[in-house]
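Descriptive structure summary
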Amino acid sequence: MKDYIKDILYSIKIALFIFLGGFILGGVITLMVTKGNIMSSIVWGARVSQYVSFIGLLISAISFTNENSMRPLNYDREWKTYFGKFNLSFAIFFISLFILILSIIVQDSIWYLTN
């Protein structure tokens, strides 16, 4: 059980970095396009992170339905240093799930503050 919690916390850490990357990228591009509209840049930053999450969830769904699509890793020993119990499919699933949760929290908090 301890290894699963460790893997989930590591997935949250990775998801936070990926979320921030997508959020900043989407926010900066929207800020340049809309010439300084902060609210739309925050909303589009959250949307870009949601799109990244959807792609990850699609990849994990494909790997869950077709066992042969996710072969054993070439670098299995290195993988086990980062994740003790998760395989690649579960790691992608949990990272994508946490990215989606973070982006929904940001999007709903912006919606709540503006209404």
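Just above sits the structure.
Residues numbered from 1 in each chain as written. Predicted model: local features only at pLDDT ≥ 70, side-chain atom pairs only at ≥ 80, totals over all residues. Heavy atoms only, no water.

With their axes 8 Å apart at the nearest point, helix α2 (residues 38-65) and helix α4 (residues 88-114) run at an angle of 155 degrees to one another. By the angle class used here, α2 and α4 are roughly antiparallel. Where α2 crosses over α4, the handedness of that crossing is left-handed. (Axes fitted to C-alpha atoms, helices over the stretch in contact; angles between N-to-C directions. Helix = DSSP H or I, 4+ residues; strand = E, 2+ residues; numbered from the N terminus. Parallel < 35°, antiparallel > 145°, perpendicular 65-115°, else oblique. Left-handed = near helix turned anticlockwise from the far one by under 90°.)

Here the phi dihedral of lysine 35 falls at roughly 60 degrees; this positive angle occurs in a residue that is not glycine. You can see lysine 35 is positioned in the loop between α1 (2-33) and α2. Under the relative-accessibility criterion, lysine 35 is labelled exposed at 76%. (Buried < 20%, exposed > 50% of the residue type's maximum accessible area, 1.4 Å probe, protein only.)

What the rule picks out here adds up to 11 aromatic pairs. Between the aromatic rings of phenylalanine 93 and phenylalanine 94, the centroid separation amounts to 5.4 Å while the plane-to-plane angle is 70 degrees, which identifies the pairing as edge-to-face. In this structure phenylalanine 93 comes out as partly exposed when scored by relative accessible area, which is 26%. Judged by relative accessible area, phenylalanine 94 falls into the buried class, the value being 18%. Aromatic ring contacts, followed pair by pair, group Tyr4, Tyr10, Phe64, Tyr82, Phe83, Phe86, Phe90, Phe93, Phe94 and Phe98 into a single cluster. Its guanidinium or amino end placed over the ring of tryptophan 44, arginine 47 lies 4.8 Å from that ring's centre, counting from NZ or CZ. (Phe/Tyr/Trp six-rings, centres within 6.5 Å; stacked < 30°, edge-to-face > 60°. Lys NZ or Arg CZ within 6 Å of the ring centre and 35° of its normal.)

This part takes up α1. Because an α-helix completes one turn every 3.6 residues, residues spaced three or four positions apart along the sequence face the same direction. Given a rise of 1.5 Å per residue, 32 residues ought to cover 46 Å, and the 46 Å separating the end C-alpha atoms of α1 matches this to within 8%. All of the buried residues along α1 are Asp7, Ser11, Ala15, Phe19, Gly22, Phe23, Gly26, Gly27 and Thr30. (Expected span 1.5 Å × (residues − 1).)

All quantities given are derived from atomic positions and should not be read as evidence of function.
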